[in-house]
Amino acid sequence: MTERERPRERTDGMRPAVLETYGPADLSAVPVFAGGFINFGYWQPGDIGRPLTVADRIRSQQDLYRHVLDTVGPVEGGEVLEVGCGLGVGCALALEEYAPARITGMDIHPQQLERARRANTGLLASAGPARFRLVRGAAERMPFGEAAFDRVYSVEAAQHFDDLEAFAAEAARVLRPGGRLAVASFFAADPAAPGPLAALLTTFADGLDIARQPADLTDALTRAGMEGARAESIGPAVWPGWDHWLSAQWGPGTWPRNFLHAWERGLLDYYVVTAERPRA
């Protein structure tokens, strides 16, 4: 077997593409993800057709967090978990704007957590661990006891999760009765999409993103005992604005511009998936 034929080994519980992208490559340092939120953004209609500033870009990423937090809410006074918190700036926004009793940011990548601690040094110190903590853990193996949280949310991380069944079971386990879950991510919009997506988008070809349908997650949540699992498309608020922002840095025909193309072809869309743990 040649080196090219040799199967890629998993390292530290992460696929090689995930390990590299959020480790040495440091996706948070890429200019298109200004502000450290590392998401495609939730854009306003007025953003299209005018030059965009870095402040516009940061606001779009903050607004995606706000949309998810509004959807999973009410958050005030509750124990809240973000799965795949990255640099923790979304946790900071949640703490400062939504007033949970405590926000816990969990991420699988140790380098991301170290960056998160540096990015939030002041807030971690002023809030203290009783209100803000950063914890290492995988979406499929959460290091928390049962019924630990009132709300669980995740912003643009589920496309990396190895096992949606295991994530759904863990989310149901750590939520308290009556607790709510919201997951924002991009999913394949067609069962036949994985091949075409890999041809269009490098992140699907190299294994960073996994092409699954929203029903794969909603069905997994239902099997885990959650109620009311549903997926709502927010693609019109994501893809045109994301592509407009990219257009200042990437030319037509370059692979990052193919996210919009994939959406227009019905191969890919952006969803917010929600569910609730039964009270009984």
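Data block above holds the structure.
Asker: Help me out: how do you make sense of the pattern of salt bridges in this one?
Answerer: It is possible for side chains bearing opposite charge to pair when their charged atoms get close. For the structure shown, the criterion picks out 17 salt bridges. Here E97 and R66 are joined by a salt bridge, their closest N and O atoms 2.9 Å apart. Of this pair, E97 sits in helix α3 (residues 89–98) while R66 sits in helix α2 (residues 54–72), and the two are 31 residues apart along the sequence. Classification of R66 as partly exposed rests on a relative accessible area of 21%.

Asker: Got a minute to help me understand the packing of α2 against α3 in this structure?
Answerer: The description of two packed helices rests on the angle between their axes and on the distance between the axes. Axis separation between α2 and α3 bottoms out at 10 Å; the angle between their running directions is 60°. As the angle between them shows, α2 and α3 are arranged oblique. Our pair here, α2 against α3, has a crossing hand that is right-handed. From α2, Q62, Y65, R66, L69 and D70 reach across to α3, where they touch G90, L93, A94, E97 and Y98.

Asker: What's the story with the packing of aromatic side chains in this structure? I'm lost.
Answerer: Ring pairs (aromatic) are described by centroid distance and by the angle formed between their planes. Considering all chains together, one arrives at 17 aromatic pairs under this definition. Here F161 and F167 contribute two aromatic rings whose centre-to-centre distance is 4.9 Å and whose plane-to-plane angle is 50°, an arrangement assigned as tilted. F161 gets classed as buried once you look at its relative accessible area, which sits at 7%.

Asker: So what exactly am I meant to see when it comes to α3 here?
Answerer: Residues spaced three or four apart along an α-helix point in a common direction, a consequence of the helix completing one turn every 3.6 residues. Where burial is concerned, most of α3 is hidden: 8 out of the 10 residues are buried. Of the positions making up α3, those classed as buried are V89, G90, C91, A92, L93, A94, L95 and Y98. Those residues of α3 that are buried are in contact with α2, β1 (79–83), β2 (102–107), α5 (121–127), β3 (132–136) and β4 (149–155). Phi for A99, located one or two positions after α3, is positive at around 55°.

Asker: Please explain the pairing of β4 as it appears in this structure.
Answerer: For a regular strand, side-chain orientation follows a simple rule: the groups alternate between the two sheet faces. For β4, a buried count of 6 out of 7 residues is recorded, marking the element as mostly surrounded by other parts of the structure. Summarising the sheet, β1 and β4 pair through 3 bridges and their orientation is parallel. By the bridge assignment for β4, E82 is matched with Y153. The pairing of β4 with strand β5 (residues 175–188) spans 6 bridges and is parallel. Of the residues in β5, the one forming a bridge with S154 is V183. Read as a crossover between parallel neighbours, the route from β4 over helix α6 (residues 164–174) to β5 is right-handed.

Asker: Can you help me understand unusual backbone geometry in this one?
Answerer: If a residue is not glycine, its phi is most likely negative; likewise, a peptide bond is most likely trans. Going from G73 to P74, the amide bond is cis rather than trans, its omega being 5°. In this fold, P74 is placed in the loop between α2 and β1. Of note in this structure, I38 is not a glycine but carries a positive phi near 55°. Taking the relative accessible area as the measure of exposure, I38 reaches 8% and is therefore buried. Positive phi, normally seen in glycine, also occurs at A147, with a value near 55°. For A147, the location among the structural elements is in the loop between β3 and β4. A147 sits in the partly exposed class, given a relative accessible area of 27%.

Asker: Teacher, can you tell me more about the environment of A184 here?
Answerer: Along the chain, A184 turns up in strand β5. Taking relative accessible area as the criterion, A184 reaches 0% and is therefore assigned buried. Sequence spacing of A184 and V155 is 29 residues, and the spatial spacing of their C-alpha atoms is 4.9 Å. When sequence neighbours within four positions are dropped, the list of residues in contact with A184 reads V68, S154, V155, E156, A157, Y270, Y271 and V272.

Rules used in this analysis
Residues numbered from 1 in each chain as written. Predicted model: local features only at pLDDT ≥ 70, side-chain atom pairs only at ≥ 80, totals over all residues. Heavy atoms only, no water. Salt bridge = Lys/Arg side-chain N within 4 Å of Asp/Glu carboxyl O. Helix = DSSP H or I, 4+ residues; strand = E, 2+ residues; numbered from the N terminus. Buried < 20%, exposed > 50% of the residue type's maximum accessible area, 1.4 Å probe, protein only. Axes fitted to C-alpha atoms, helices over the stretch in contact; angles between N-to-C directions. Parallel < 35°, antiparallel > 145°, perpendicular 65-115°, else oblique. Left-handed = near helix turned anticlockwise from the far one by under 90°. Contact = heavy atoms within 4.5 Å. Phe/Tyr/Trp six-rings, centres within 6.5 Å; stacked < 30°, edge-to-face > 60°. Pairing = 2+ DSSP bridges. Right-handed = clockwise from strand over helix to strand, strands pointing away.

Keep in mind these values describe shape, not function.
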